[in-house]
Amino acid sequence: MIHSLFLINSSGDIFLEKHWKSVVSRSVCDYFFEAQERATEAENVPPVIPTPHHYLLSVYRHKIFFVAVIQTEVPPLFVIEFLHRVVDTFQDYFGVCSEPVIKDNVVVVYEVLEEMLDNGFPLATESNILKELIKPPTILRTVVNTITGSTNVGDQLPTGQLSVVPWRRTGVKYTNNEAYFDVIEEIDAIIDKSGSTITAEIQGVIDACVKLTGMPDLTLSFMNPRLLDDVSFHPCVRFKRWESERILSFIPPDGNFRLLSYHVSAQNLVAIPVYVKHNISFRDSSSLGRFEITVGPKQTMGKTIEGVIVTSQMPKGVLNMSLTPSQGTHTFDPVTKMLSWDVGKINPQKLPSLKGTMSLQAGASKPDENPTINLQFKIQQLAISGLKVNRLDMYGEKYKPFKGIKYMTKAGKFQVRT
Amino acid sequence: MSAAPAYGEDKGGSAGPGEPEYGHDPASGGIFSSDYKRHDDLKEMLDTNKDSLKLEAMKRIVAMIARGKNASDLFPAVVKNVACKNIEDPNQLIRASALRVLSSIRVPIIVPIMMLAIKEAASDMSPYVRKTAAHAIPKLYSLDSDQKDQLIEVIEKLLADKTTLVAGSVVMAFEEVCPERIDLIHKNYRKLCNLLIDVEEWGQVVIISMLTRYARTQFLSPTQNESLLEENPEKAFYGSEEDEAKGPGSEEAANTALPARKPYVMDPDHRLLLRNTKPLLQSRSAAVVMAVAQLYFHLAPKAEVGVIAKALVRLLRSHSEVQYVVLQNVATMSIKRRGMFEPYLKSFYIRSTDPTQIKILKLEVLTNLANETNIPTVLREFQTYIRSMDKDFVAATIQAIGRCATNIGRVRDTCLNGLVQLLSNRDELVVAESVVVLKKLLQVRPAQHGDVIKRLAKLTDSIQVPMARASILWLIGEYCEHVPKIAPDVLRKMAKSFTAEEDIVKLQVINLAAKLYLTNSKQTKLLTQYVLSLAKYDQNYDIRDRARFTRQLIVPSEQGGALSRHAKKLFLAPKPAPVLESSFKDRDHFQLGSLSHLLNAKATGYQELPDWPEEAPDPSVRNVEVPEWTKCSNREKRKEKEKPFYSDSEGESGPTESADSDPESESASDSKSSSESGSGESSSESDSEDQEEEKGRSSESEQSEEEGGKRKMKKRKKVTEGQGDGSSSDEGSDSSSSSSESEKTSETEEEQVEPASWRKKTPPSGKSAPVAKEISLLDLEDFTPPSVQPVSPPTIVSTSLATDLEGLTLTDSPLVPSLLSPGSGAGRQELLHRVAGEGLAVDYTFSRQPFSGDPHMVSVHIHFSNSSDTPIKGLHVGTPKLPAGISIQEFPEIESLAPGESTTAVMGINFCDSTQAATFQLCTQTRQFYVSIQPPVGELMAPVFMSENEFKKEQGKLTGMSEITEKLTLPDSCQSDHIVVQKVTTVANLGRVPCGASDEYRFAGRTLTSGSLVLLTLDARPTGAAQLTVNSEKMVIGTMLVKDVVQALTQ
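Chain B goes by AP-3 complex subunit beta in an unreviewed UniProt entry, where it is assigned to Ailuropoda melanoleuca. Per UniProt, chain B has the following entry under Sequence similarities (unreviewed entry): "Belongs to the adaptor complexes large subunit family."

In the nomenclature of an unreviewed UniProt entry, chain A is known as AP-3 complex subunit mu-2 of Ursus maritimus. Among the UniProt annotations of chain A, the heading Sequence similarities (unreviewed entry) holds the following wording: "Belongs to the adaptor complexes medium subunit family."

What follows is the structure in structure tokens.
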């Protein structure tokens, strides 16, 4: 299946390679570099590149290309999914996944990669099992290892691998037993020029942080489970129980994990919490353009909108912008032509606005398209779909855990066409 | 592993074969006479059991290597000693790691050892080791493909494995080694379908894609009689199959209804696959979702494919690489099944932040989805896209508009107008692309569009993109009669700039010249000759060629002329308008989701997706056979007397083994591996039987009163004679396929915890235990025999047969410590008499199975039977009044119980380690009855397994106050081992601990709620006097247990 893995940084250096079968020469990456050159941007590099003897499948995350080399027919998503799992694992182990961090922890990285695949076929990909096999680095352990020369390989046998609950470590112990659930909903929307909604949908996830002793068996029920249209579960969730009773019943993994992601059915109208008033105009002859945007709250259910950031990719012809925001700070990068305005909170009494002029390239004709405005925002304590957790119960253990549920609404891919 | 290359190099580096190496060799030391023999001797030393000799041999070998001598032929022997030692380690993890290390050595010389190790590991009792064996198979195959036949044997064996851990890995090995041996799958097909949901994600992908191929060869196409199917009440067919009414019956019925054509009836196995993969659409892994989607696309009837759309659309929220692959597949699907994605049209709208490759794929999908009704919205979207800054994307949008225009007649004119407007766009790329698309569109109805052509002709002055120029020239040439004035002028201009044009433009100039010469030779004769002369000396041979050809064709010469008379027909023949097609058309002959599909080219190792067969192959090949007794030679190495055990190939394809087999019990049984290895194998398969077993058991206890032990004794005898029972196996497989319907995840999952380890110890006598109870016998008399059994009787026979068999192997072989525990505890107890209950009679039994959801609960099977003549409705548990600490898990409400029927429900009660009664209300729609369940003390515990040493250690900790001793005299009837063990285990749910002394019996268990140990020792003297000791922290439980056990033994 997966033959080798190459890690390539944004400047095109292969800084790590790992082979699970025979060694594949790194010259195979030349085909990748060729494709990279052809694609102007990193994200436009095709994820699958055929070469005479191999196929290169790559994902691009954290400014690193993870390039897997395969020789025979494999479902491409199998490899891509695995590569993403590798990145997630690194992130889980080291906090961030970046070139210097990987280089610093190269031993652990190799150990982890060795355990994740056996002869190219995934062996242990659950982070709970991996952590049992290879301990994540901590400062203390690094110091001890440097002095004693030992490694991060766990000295206990990884019994978790044998368990049929492979996602949970055995022998978990906590003094404070806590279970936190974050219901996070994202609004994906496209708003057209006139302010009407072209498409809007809500995608939600429930992220959990469970720190419970022993083998707890949790059930989570909703007030209005009908809202959930399409769901995908962490493998720990018992599907039949959901089918029959609409209750999430599961033995949770230890630590952070994504319990559920869902899609709110399209029949429900989506409340759009913000509006953007815009007036962007270029004139053919003049070298100055007008730019004015105002952001205001719409259907917010009485909550404040925070963390508003407006970004927009301006046309190439824009040389510079001189703008004054009524609140927050703004930046314009004349090279990438990216305008970014960090608004902060929206005060309904005094709507934030950004006004000013754009200086355009002299003589150039006016751009065809007005820039699209991308919006980010957050609303605390609100799940915009109205989803509510009814109760969380624990079976299987005797102590009383501390339970917490948090709701949040965020902008997903929220675009306003102008 | 650093040793590996060293040996390899040695081989090449040292002297050639046969070269004598005497004298200075430290290994020979003057003792050995010949080279050949010397190595032989070292091998022998390495093969001995004595560590000292081995060490000596190793030292000599190292010395040899140090002198640069060739020791490569000793390599296998060395490896065997290094890695193989661990391969027999008592710990399964170490065994597995050793195998992994061994199989990763890529040196051909160790092939035989690897083969041996794989074979041995394939019959290891630990599923994890078996998984590692499956992983090792492709490694060995890549090292030496000559081993294929042997490896196939191993694969065959592992395919029969019933654990989820192994399934994915072995199918992967199957795909790499012998994907063509589809016949190996038959017997395991139903099992794989049933296990699927609990296999880890990576395995799921591999299994699903293999099963897709399998289904294509074994079942009939569900779409072949689509129209017929729609007329038929198809649901009835599908529904009936779940009630085990297999194909033939319903087929016949259908045949009589429609005698002319044989209607399509879906094979139940085909249905099973579809049904069992559907939940996986909810997987978090994109790869699994895609795998299921392609399975449905290739295998499901048209009406059912729709379910995958939602899941695929969900994946579009994922990383852009995932989007890329999914969109490619959606593009292919949307051509064939447009309706499926239509409701999700808006999900494919393009955002300015999408990477270009995603934009273009989305555009492809949008174009495929466009139809008469949604085209206005789609076109409006396209209008926004055309103004995008991303020019590649704009070009693709224009192409898409062109396709919409050709596909949907209604909007052709609108699109054409739009495209013409684009001709005045400032961006040349946009204009060029529009020209190319316009050219194709104009061909459809050229007469009406003379003005467009004129406008295009004007563009030749400004537009520079060669493809666009070529397109314009072709258009003018083709329709020169519509623009008679302009055409010669264009040719004039082109002749002027001919040398500077690109090749494709030049070709079109020649073309234009030729066409004009034929229609308007008066004006253009000279021009044409000029152009042809220029072309004659062009650098490109294509152009020279074309010029020569054209000249011969159009200019009448003396000798020829035959062709030139027809030149006009040749050049100006009416041409069919081009059809603008998606590049994804016909891609679906590749299996979707595969690499080959993505690349639209066959990748190495791609397995062609076969076409549906005309006639369905024999479906009975998937029926599973009788359990066979097989012997495994490897087992002899375990220093055990060879004895039969359940081989992996045992027949029934049980439902999932699934989650939760407790790691502790795993390792507990593991530590005992040496002593019970003979029976070890049965552990893995017995777990998967549980579900049937559970059913079997509940109905068993109902029937056992009537059937009694006699029948079972008979059965057992039959099996000892080694006769197979055909009917039982058939039933077994039937029930397994139907049982997949019943709850699998939530219920059985938990039940795996214990049965895995204690089911196998079920004694044959345990089943007849309830009969001995007088209460139940008495009960039987006024107990109307249940008219409808929840499980058909043959199933009971087969499962009880299986349990009997297991019991037999264990108890009849003296070397195996028999750990006994009866299938269910004390017999039926009455909860509600039928008189008091106004026709509703309720009994309960302690099933001794762990209760799902909460391991602290005692699982109680409640049997309801309705002896009244009206149905009883809405049976449920009312508000319980419970003493502190006691809690109950109610059974799901029974909606209705028809007269004469009976049913069984399971409820869990946490007695909190006390024998207090749990009192609760049993409510029907009309009445409420107060009932209470008081557990015998023996039911408050569950067996645990420990070695004798552990037992003694634990016992040592529980002395003093925690120890209760009682003297008793065993009656004559209690002299045999068998009976004593049976009596104790009937009273208390304890597991037997293996014991060295013959007159001592030890049992161990843990209380359910607090988990404190209960250890029971019975020291029986030959005289009949005996001493019973119970050690437990819970003194109350200890005391009561002693009382109960003494009573049972002395009775």
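On we go.
1. Concerning the overall build of chain B
Looking only at helices and strands, chain B features 45 helices and 17 strands. Here chain B, with 1051 residues, has 59% of them falling under the buried criterion. Contacts in chain B between residues far apart in sequence, at least 24 positions, make up 71% of those at least 6 positions apart. For chain B, the exposed area adds up to about 43,100 Å²; of that, 52% sits on carbon and sulfur atoms.

2. Observations regarding the sheet that holds strand 22 (residues 389-395) of chain A
Residues and elements named next belong to chain A. Judged by pairing direction, the sheet is antiparallel, and its three strands sit side by side in the order 12-10-22 without closing on themselves. Edge positions in the open sheet fall to strand 12 (247-250) and strand 22, since each of these has one partner strand only. Each strand axis lies, on average, 15° off the axis of its neighbour in the sheet, ignoring direction.

3. Structural notes on the interface of chain B and chain A
The interface is formed by 88 residues belonging to chain B together with 87 residues belonging to chain A. Three residues stand out in chain B for area buried against chain A, namely Trp 202, Arg 317 and Arg 351 of chain B, and they jointly supply 11% of the buried area on that side. Between chain B and chain A we count 11 salt bridges in total. A salt bridge links Asp 188 of chain A to Arg 317 of chain B; the nearest nitrogen and oxygen atoms lie 2.5 Å apart. Linking chain B with chain A are 35 residue pairs in polar contact (both at pLDDT 80 or more). No other element matches helix 19 (residues 320-336) of chain B, which puts six residues into the side of chain B that touches chain A. Its residues placed into classes, the side of chain B that touches chain A shows 32 nonpolar, 31 polar and 25 charged.

4. Notes on the pairing of strand 4 (residues 840-850) of chain B
Residue and element names in this part refer to chain B. Within strand 4, 11 of the 11 residues are buried, which leaves it mostly tucked inside the rest of the structure. Pairing geometry for strand 3 (residues 829-832) and strand 4, over three bridges, is antiparallel. Counterpart to Glu 830 in the pairing with strand 4 is Asp 843. As paired elements, strand 4 and strand 5 (residues 858-866) share eight bridges and run antiparallel to each other. Looking across to strand 5, one finds that Leu 840 is bridged to Asn 866.

5. Description of the pairing of strand 11 (residues 228-233) of chain A
Residues and elements named next belong to chain A. Across the six residues of strand 11, five count as buried, placing the element largely inside the fold. The sheet contact formed by strand 11 and strand 13 (residues 255-264) spans five bridges and is antiparallel. From the neighbouring strand, Val 231 faces strand 13, where its bridge partner is Tyr 262.

6. Details of the side chain of Ser 58 of chain A
Tracing the backbone shows Ser 58 of chain A in strand 4 (residues 55-61). Of the residues examined, Ser 58 of chain A reaches a relative accessible area of 3% and is grouped as buried. Beyond its immediate sequence surroundings of up to four residues, Ser 58 of chain A is in contact with Phe 32, Pro 46, Pro 47, Phe 66, Val 67 and Leu 83 of chain A together with Glu 321 of chain B.

7. Re the side chain of Glu 99 of chain A
Residue and element names in this part refer to chain A. Looking at the element boundaries, Glu 99 is found in helix 3 (residues 99-104). With relative accessibility at 19%, the residue Glu 99 sits in the buried group. Of note is the side chain of Glu 99, whose polar atom sits 3.0 Å from the side chain of Asn 9.

8. Comments concerning helix 27 (residues 466-478) of chain B
Residues and elements named next belong to chain B. Here helix 27 is 13 residues long and its end C-alpha atoms lie 18 Å apart, about the 18 Å a rise of 1.5 Å per residue gives. Counting buried residues along helix 27, 11 of its 13 residues qualify, which places the element largely inside the surrounding structure. Of the positions making up helix 27, those classed as buried are Ala 468, Arg 469, Ala 470, Ser 471, Ile 472, Leu 473, Trp 474, Leu 475, Ile 476, Gly 477 and Glu 478. Each element contacted by the buried residues of helix 27 is listed here: helix 25 (428-442), helix 26 (450-459), helix 28 (486-497) and helix 29 (503-519).

9. Quick notes on the packing of aromatic side chains
For the structure on display, the rule yields 23 aromatic pairs over all chains. Both rings, one in Phe 78 of chain A and one in Trp 202 of chain B, keep their centres 5.3 Å apart while their planes meet at 70°; by these two values the pair is edge-to-face. Taken together, the positions of Phe 78 of chain A in helix 2 (residues 76-94) and Trp 202 of chain B in helix 11 (residues 201-218) put the pair across two chains. Taking relative accessible area as the criterion, Phe 78 of chain A reaches 0% and is therefore assigned buried. Grouped by ring-pair contacts, the aromatic residues Phe 32, Phe 33, Tyr 60 and Phe 65 of chain A constitute a single cluster. Here Lys 388 of chain A stacks its cationic end above the ring of Tyr 407 of chain A, 5.4 Å away from the centre of that ring. Taking NZ or CZ as reference, Arg 337 of chain B lies 5.3 Å from the ring centre of Phe 297 of chain B, over its face.

10. Points about the confidence of the model for chain B
Residue and element names in this part refer to chain B. Looking at chain B as a whole, the pLDDT averages 71, with 71% of positions reaching at least 70. Between the elements of chain B, mean pLDDT differs from a low of 36, seen in strand 2 (residues 645-646), to a high of 92, seen in helix 16 (residues 286-299). Low confidence marks residues 227-260, where pLDDT is under 50. Its contacts with residues over four positions away, or in another chain, come to 36 contacts. Scored by ipTM, the complex comes to 0.91, with pTM at 0.64.

11. Thoughts on the packing of helix 2 of chain A against helix 19 of chain B
Where helix 2 of chain A meets helix 19 of chain B, the axes come as close as 10 Å, and the angle between the chain directions of the two elements is 170°. By the criterion of interaxial angle, the relationship of helix 2 of chain A to helix 19 of chain B is roughly antiparallel. Across the interface between the two elements, Pro 76, Leu 77, Ile 80 and His 84 of chain A from helix 2 of chain A touch Glu 321, Val 322, Val 325 and Val 326 of chain B from helix 19 of chain B. Looking at the contact of helix 2 of chain A with helix 19 of chain B, its residues break down into six nonpolar, one polar and one charged.

What counts, and at which threshold
Residues numbered from 1 in each chain as written. Chains lettered and ligands numbered in written order. Predicted model: local features only at pLDDT ≥ 70, side-chain atom pairs only at ≥ 80, totals over all residues. Heavy atoms only, no water. UniProt positions renumbered as here; feature names shortened; annotations may be inferred. Helix = DSSP H or I, 4+ residues; strand = E, 2+ residues; numbered from the N terminus. Buried < 20%, exposed > 50% of the residue type's maximum accessible area, 1.4 Å probe, protein only. Contact = heavy atoms within 4.5 Å. Areas by Shrake-Rupley, 256 points an atom, 1.4 Å probe, with all protein chains shown as cover. Pairing = 2+ DSSP bridges. Axes fitted to C-alpha atoms, helices over the stretch in contact; angles between N-to-C directions. Buried area = accessible area lost by both parts, 1.4 Å probe. Salt bridge = Lys/Arg side-chain N within 4 Å of Asp/Glu carboxyl O. Polar contact = N/O pair within 3.5 Å; in protein donor to acceptor, adjacent residues only side chain to side chain. Nonpolar A, V, L, I, M, F, W, Y, C, P; charged D, E, K, R; others polar. Expected span 1.5 Å × (residues − 1). Phe/Tyr/Trp six-rings, centres within 6.5 Å; stacked < 30°, edge-to-face > 60°. Lys NZ or Arg CZ within 6 Å of the ring centre and 35° of its normal. pLDDT = per-residue confidence, 0-100. Parallel < 35°, antiparallel > 145°, perpendicular 65-115°, else oblique.

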